[in-house]
Amino acid sequence: MIYSFGHLSLHQYLLGPMNNFVYLLCDSLSHTAWIIDVAWDVPFLLSELTKNNLNPLGVLLTHGHPDHTNGIPEFVDQFPDLPIYISSEELPLFMPKISQLVFFQHEVPLMIGQEPITIIPTPGHSPGSVCITSNDILITGDTLFVEGHGRTDLPGSSAAQLANSLSHISHLSDNLSVFAGHHYGRRKTDTLGVLKEKNKSLRNIIYPK
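Calculation criteria
- Residues numbered from 1 in each chain as written.
- Predicted model: local features only at pLDDT ≥ 70, side-chain atom pairs only at ≥ 80, totals over all residues.
- Heavy atoms only, no water.
- Buried < 20%, exposed > 50% of the residue type's maximum accessible area, 1.4 Å probe, protein only.
- Helix = DSSP H or I, 4+ residues; strand = E, 2+ residues; numbered from the N terminus.
- Arc of directions from axis to C-beta.
- Contact = heavy atoms within 4.5 Å.
- Polar contact = N/O pair within 3.5 Å; in protein donor to acceptor, adjacent residues only side chain to side chain.
- Expected span 1.5 Å × (residues − 1).

Where helix α1 (residues 42-51) is concerned, the buried positions are Val42, Leu45, Leu46, Glu48 and Leu49. Angular distribution of buried residues about the axis of α1 spans 155°; they occupy a single face of the element. Of the residues in α1, the exposed ones pointing more than 90 degrees away from the buried face are Thr50 and Lys51. Where α1 is buried, its residues meet β2 (8-15), β3 (20-27), β4 (32-36), β5 (55-60) and α3 (72-78). Where α1 begins, the capping side chain belongs to Asp41, and its oxygen is found 3.1 Å from the backbone nitrogen of Phe44. With its phi angle positive at about 55°, Asn53 sits one or two positions after the end of α1.

A few words now on helix α4 (residues 159-170). Along its twelve residues, α4 runs 16 Å from first to last C-alpha, staying within 8% of the 16 Å computed at 1.5 Å per residue. Here α4 has its buried residues at Leu162, Ser165, Leu166, Ile169 and Ser170. End-on view of α4: buried residues confined to an arc of 140°, all on one side of the axis. Seen from the buried face of α4, the exposed residues on the opposite side, beyond 90 degrees, are Ala160 and Asn164. The elements touched by buried residues of α4 are β10 (130-134), β11 (137-141), α5 (192-198) and α6 (200-206).

This is the structure:
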């Protein structure tokens with residue numbers, strides 16, 4: 001599925017046995033793309049880059065869990081000079097063991113074409129979980145799903161931190177289109193405004209009992 005946001009587009013791919021979403025964040029003017037969460041089917045992702053005439057800028061990781069990163073070794077074999085970005089707060093056991101690893105610098109925005117990319121720390125599902133936003137796009141990894149939120153029973157997880165992260169997300173613009181790290185439920189995306197009303201996890205944060 002391809003979603004258009006002016007000259008930006010987001011290519012959404014459902015891959016692997018855990019219903020992961022992998023994304024290409026693309027700029028039609030520069031023919032460049034960031035790959036977000038490289039997993040499960042690297043040959044397919046490479047073919048999509050070629051088919052769409054896109055030059056990869058690098059990889060942005062929402063977090064380091066293997067179902068979001070298991071394609072990294074194969075990807076860097078093809079692109080040994082491209083950066084792989086992740087939060088420095090991620091647990092060492094979740095860090096890909098590669099020389100191209102770069103930590104996000106939140107005060108220095110990345111770019112897609114002429115548009116800035118903002119990295120929002122959202123710990124809870126893992127210590128280094130982040131959300132990624134540009135234009136009207138919000139990529140939430142395993143922090144927030146269209147229906148529900150990420151698990152907090154894994155190494156490094158924290159229910160309290162996740163609640164704080166969801167509270168932060170709840171103050172973002174209703175116009176953002178939310179793209180999660182998994183396809184859990186019926187819808188593949190929706191606006192944050194809709195999620196504030198229909199996602200029980202967000203509703204419990206906004207309207208505590």
